[in-house]
Amino acid sequence: MNPASNSGAPGAGAATGTGHVVTADEHAEYQRLRRAATLRHRRARTAGAAVLLVLTLLLAPLALVATWVHDQVSDTDRYVQTVAPLASEPAVQDVVIDRLTDRVVAQVDVEAITAALTRTLADNGAPPRVVEGAESLTAPLRSAVRTVVHRTVSRVVTSELFQQAWEGANRRAHATVLAMLTGDSDGALRAAGDTVRLDIGVVVDQVRQRLVDAGFDKAAAIPDTDRSVPLFRTEQLGKAQDGMRLLDILGTWLPVLTLAFGALAVWVAPAHRVMVMITALGVGLMTVVLLVALVVLRRVYLDSVPSATLPSDAAAAIFDTFVRFLRTSARTLLVVCLLTALTAYLHGPGRVARGVRGLALRGASGAGSALRRRGTTTGLTGQWLSAHRQWTTGVTVGAGALALVLWNHPTLGAVTLVLVLVLAVSAVTAVLAAARPAPDTRDGPGAAAA
């Protein structure tokens, strides 16, 4: 027997590959150094995972907010979807109705109408009592005008036509400002250097055509030059465009960077499953902090808005409408974190986890046995699924996670749908694995005879 083959065994007399006999003290020192190196390596991995975890927790709420702001600023459809409910919000409608009514009534000179009526009655020889009565009609007439205008404006504002006009106006305004901030030259509002210019080419074309149609043939010679007019010049325009580019980068890559840090923390950590639980619960906690911050910010906003400027119910409706997608995203992320932590726990050695897995296995085995008793087996497919149970479970869970990552603005409904599909696929594969042919009949009748 080659002595070198016992070099790792304890005790004196073991030989190295060079023929040197390792003493008991040397072997003990080797084992001590090996354990120390392993411990240092484990500590280094733990420290690295801790740093990555802290970065993940700090970036998670920032990534949510950056994505939300990016969607509101750079996505016209998303912005319109955000502000569209305001047109049908009763508190906001009341503010619009009251202010439009005030504007219209202010344009009606009730005093002049009353004075004209008084003069007409006096000139036509009306009795003095009638003339005096006409002079006191100012207040009732103003009230009547306001009632009629308010009723008319209310019908318009509460109609579907107003909602369509609201969405159309917000879409055009947002698209115009977005084109200016991104430097798009196709919009009506354009940025040239530090100057904002309005393209009036469409207006020029319409005016020229109408003049020609009216008989002014020489209007066709109106040149196409100077089709834009400067609106204002500002040194902040370049900063605004730089900020837009930065927001585009943050909104796109900050969530990816956060996800990458989280994945690296799990990969670097010595205990992967435990780190998955810690990361998921940590991100969930930071999401709760974000939701609490929104509640505090809402209170601060409502306290800062004077009631004369905007009623509190309308201000609350506006705030809630604008941040509702951020709240939805935060709640969705919180549910995903809790489900991830629960999944990691159920794959662990805990008593509850073992009980749940055992219950699921007994259920699948019972269903598979029932299928076999009816003469239905899954053959080689069932054997393969049974041999690769952990692999198929990992693929199923990973596919569900990937679906949520690739889902555009997932909601709680989307998470529920993916969860149901993952559980259904896992249950089906478990039953198919349990319905494989029994070992004593797998090789056919000849195997039992042998």
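Residues numbered from 1 in each chain as written. Predicted model: local features only at pLDDT ≥ 70, side-chain atom pairs only at ≥ 80, totals over all residues. Heavy atoms only, no water.

Caption draft 1: Here's a closer look at the overall build of the protein chain. A count of helices and strands for the protein chain gives 16 helices and five strands. For the protein chain, with 450 residues in total, the buried portion stands at 27%. Taking the contacts inside the protein chain whose residues are at least 6 apart along the sequence as the reference set, 70% of them involve residues at least 24 apart. Accessible surface, the protein chain: about 28000 Å² in total, of which carbon and sulfur atoms supply 65%. (Helix = DSSP H or I, 4+ residues; strand = E, 2+ residues; numbered from the N terminus. Buried < 20%, exposed > 50% of the residue type's maximum accessible area, 1.4 Å probe, protein only. Contact = heavy atoms within 4.5 Å. Areas by Shrake-Rupley, 256 points an atom, 1.4 Å probe, with all protein chains shown as cover.)

Caption draft 2: Representation of helix α15 (residues 412-434) in the model. Under the 1.5 Å per step criterion, the end-to-end length of α15 is 33 Å for 23 residues, consistent within 8% with the ideal 33 Å. Buried residues along α15 sit against α11 (312-346), α12 (351-373), α13 (379-387) and α14 (389-406). (Expected span 1.5 Å × (residues − 1).)

Caption draft 3: Here's a closer look at helix α2 (residues 76-83). Judged by how many residues are buried, α2 sits mostly within the fold: six of eight residues are covered. For α2, the complete set of buried residues consists of Thr-76, Arg-78, Tyr-79, Val-80, Thr-82 and Val-83. The N-terminus of α2 is capped by Asp-75, whose side-chain oxygen sits 3.1 Å from the backbone nitrogen of Asp-77. (Polar contact = N/O pair within 3.5 Å; in protein donor to acceptor, adjacent residues only side chain to side chain.)

Caption draft 4: Focus on the nonpolar core. Core analysis: the biggest nonpolar cluster contains 17 residues, and Ala-49, Leu-52, Leu-254, Met-275 and Val-283 have the highest contact counts within it. Looking at this core, the elements with two or more residues in it are α1 (24-74), α9 (237-268) and α10 (272-304). For this core, the leading source of residues is α1, giving eight residues. Not counting residues within four places of it along the chain, the set of residues in contact with Met-275 comprises Ala-49, Leu-53, Ala-265, Val-266 and Ala-269. Residues Leu-64, Trp-68, Leu-291 and Phe-319 belong to the second largest nonpolar core, which totals ten residues. (Core = buried A, V, L, I, M, F, W, Y, C linked by side-chain atoms within 4.5 Å.)

Caption draft 5: Representation of the packing of aromatic side chains within the structure. Considering all chains together, one arrives at two aromatic pairs under this definition. A ring pair is formed by Tyr-301 and Phe-319, whose centres lie 5.5 Å apart and whose planes are at 25 degrees; its orientation type is stacked. Residue Tyr-301 is found in helix α10, and its partner Phe-319 is found in helix α11; the two are separated by 18 residues along the sequence. Tyr-301 gets classed as partly exposed once you look at its relative accessible area, which sits at 26%. With centroids separated by 5.7 Å and ring planes inclined at 85 degrees, the aromatic side chains of Trp-384 and Trp-391 adopt a geometry described as edge-to-face. One residue, Arg-78, lies across the ring of Phe-325, its end atom 3.9 Å from the ring centre. Sitting above the plane of the Phe-325 ring, Arg-324 keeps its charged end 4.4 Å from the centroid. (Phe/Tyr/Trp six-rings, centres within 6.5 Å; stacked < 30°, edge-to-face > 60°. Lys NZ or Arg CZ within 6 Å of the ring centre and 35° of its normal.)

Caption draft 6: Inspection of the environment of Asp-313 at higher detail. Looking at where Asp-313 falls in the secondary structure, it is placed in helix α11. When its relative accessible area of 45% is taken as the criterion, Asp-313 is described as partly exposed. For the pair formed by Asp-313 and Val-92, sequence separation is 221 residues and the distance between their alpha carbons is 8.3 Å.

Caption draft 7: The side chain of Arg-327, seen in detail. In this structure, Arg-327 sits in helix α11. Overall, the relative accessible area of 15% leaves Arg-327 in the buried class. Within the structure, Arg-327 has its side chain in polar contact with the side chain of Asp-320 (distance 3.2 Å). Those residues in contact with Arg-327 that sit more than four places away from it in its chain are Leu-291, Leu-294, Arg-298, Phe-319 and Asp-320.

Caption draft 8: Structural view of the confidence of the model for the protein chain. Scored by pLDDT, the protein chain has a mean of 77; 70% of the residues are at 70 or more. Mean pLDDT across the elements of the protein chain bottoms out in helix α16 (residues 445-449) (41) and peaks in α10 (93). For residues 1-12, every residue scores under 50 in pLDDT, and the model assigns this stretch 21 contacts once sequence neighbours within four places are set aside. In the predicted structure, residues 441-450 sits below a pLDDT of 50 and forms three contacts with residues beyond four places in sequence or in another chain. (pLDDT = per-residue confidence, 0-100.)

Caption draft 9: Inspection of the pattern of salt bridges at higher detail. Across all of its chains, the model carries four salt bridges by this definition. A salt bridge links Asp-320 to Arg-298; the nearest nitrogen and oxygen atoms lie 2.8 Å apart. Separated by 22 residues along the polypeptide, Asp-320 in helix α11 and Arg-298 in helix α10 bring together distant segments of the chain. By relative accessible area, Arg-298 is classed as partly exposed at 25%. (Salt bridge = Lys/Arg side-chain N within 4 Å of Asp/Glu carboxyl O.)

Caption draft 10: View of the packing of α2 against α11. Two elements in contact, α2 and α11, have axes whose closest approach is 8 Å; the angle formed by their N-to-C orientations is 125 degrees. By the angle between their axes, α2 is oblique relative to α11. Counted together, Arg-78, Tyr-79, Gln-81, Thr-82 and Val-83 of α2 and Thr-321, Phe-322, Arg-324 and Phe-325 of α11 form the full contact between these two elements. In terms of residue class, the contact of α2 with α11 is made up of four nonpolar, three polar and two charged. (Axes fitted to C-alpha atoms, helices over the stretch in contact; angles between N-to-C directions. Parallel < 35°, antiparallel > 145°, perpendicular 65-115°, else oblique. Nonpolar A, V, L, I, M, F, W, Y, C, P; charged D, E, K, R; others polar.)

Caption draft 11: Representation of a nonpolar patch on the surface within the structure. The grouping of Leu-285, Val-288, Val-289, Val-292, Val-296 and Val-300 at the surface amounts to a nonpolar patch, some 500 Å² of accessible area in total. Tracing the backbone shows Leu-285 in helix α10. Classification of Leu-285 by relative accessible area gives exposed; the value is 53%. (Patch = residues over 30% accessible without salt bridge, like charges linked within 9 Å, V, L, I, M, F, W, Y side chains within 5 Å.)

Caption draft 12: Examining the environment of Pro-349 more closely. Here Pro-349 lies in the loop between α11 and α12. We classify Pro-349 as exposed; its relative accessible area is 58%.

Caption draft 13: The side chain of Thr-332, seen in detail. If you trace the backbone, Thr-332 turns up in helix α11. If sequence neighbours within four positions are ignored, Thr-332 has contacts with Pro-410, Thr-411, Leu-412 and Val-415.

Caption draft 14: Layout of unusual backbone geometry. Phi at His-409 takes a positive value of approximately 55 degrees, unusual for a residue other than glycine. Structurally, the position occupied by His-409 is in the loop between α14 and α15. For His-409, a relative accessible area of 26% translates into the label partly exposed.

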